[in-house]
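Survey of secondary and tertiary structure
Read off the chains here:
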Amino acid sequence: LVKYQSTLELVSRLQGEEAMRVQDGFEEALSALQSRLDQFAAAFAAAHLRDEVCATLALAHQLLTNADMYVRRGLWAHIAESVLPPLQDQVSKPLRANAMFAQLPEVEATLQQVADLRRRCAEHLLAPVAAGLVANVERTLQPARKHAARQLRSLAVQALEPVREACAPLLSNDLYRELPTVTACLETTQKFADDFDVVLFPSNAGDEMGALA
């Protein structure tokens, strides 16, 4: 597959009608090969990996069932404190440890359920606070933007230090990353800082943070 892809890159640089036909042929072959590999991966996972995830899926079902009960009672804080941590550590991480597990439909469905629960929990518990924190980051970033517009690089770099501090609360809880407004804010802010070779936070910041504070 890698050889097909690298060859396709070379073919794509060719010009003319004949080159287009060759490129189309390579793309069709690549698509067919990818489809066969996907079919093999799904068959292999079904035949050899399902037993490895049975216990994890059973735990996920139990935790998600408990979460449904807490949702009906509006106990979102309890979900964040008592359900999401074991879902993350004992379900999501093991199921993502082997990429082949994702070939099992029940694994994919379970991971999607966990992701949906995390998103809903973030929306109920953190969205109002996040809106204020995002606004503070954008406000704190304005001086750096003004210096950059005037091509005052050293002053722009200095002005990014308060921005780093403003971003810190959004990195203190990984649930914030479930909110699109937070993700967009952090990505936009770091992209601006990249122009000055400044890393405001690691790309995986927050991934190992604790549960809801």
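Residues numbered from 1 in each chain as written. Predicted model: local features only at pLDDT ≥ 70, side-chain atom pairs only at ≥ 80, totals over all residues. Heavy atoms only, no water.

**Concerning unusual backbone geometry**
What is expected of a backbone is that most residues other than glycine have negative phi and most peptide bonds are trans. Filter applied, for reference: Labels follow the DSSP assignment, with helices taken as runs of H or I lasting at least four residues and strands as runs of E lasting at least two, numbered in each case from the N terminus.
Not every positive phi belongs to a glycine, and Q151 is a case in point at roughly 60 degrees. The topology assignment puts Q151 in the loop between α6 (127-149) and α7 (153-171). In the Ramachandran plot, D197 falls in the positive-phi region, its phi being about 55 degrees despite a non-glycine side chain.

**A few points about the side chain of T189**
Selection criterion: The contact criterion used is simple: two residues touch if any of their non-hydrogen atoms lie within 4.5 Å.
You can see T189 is positioned in helix α8 (residues 180-194). Among all residues touching T189, those that are not within four sequence positions of it are V137, L141, V163, C167 and L200.

**Side note on the pattern of salt bridges**
As a reminder of what qualifies: By salt bridge we mean one thing: a side-chain nitrogen of Lys or Arg within 4 Å of a carboxyl oxygen of Asp or Glu. Each residue's exposure class comes from its accessible area (1.4 Å probe, protein chains only) as a fraction of the maximum for that residue type: buried when under 20%, exposed when over 50%, partly exposed otherwise.
In this structure the tally under the stated criterion is seven salt bridges. Among the salt bridges present, the one from D116 reaches R119, with a minimum N-O distance of 4.0 Å. Remark: R119 and D116 occur in helix α5 (residues 105-125); sequence separation between them is three residues, near one turn of the helix. With relative accessibility at 29%, the residue D116 sits in the partly exposed group. Ionic pairing is found between R153 and D197, a salt bridge with its closest N-O pair at 3.5 Å. Remark: D197 occurs in the segment after α8 and R153 occurs in helix α7; sequence separation between them is 44 residues. The class of R153 is partly exposed, set by a relative accessible area of 41%. The structure contains a network of salt bridges with shared partners spanning D116, R119 and E123.

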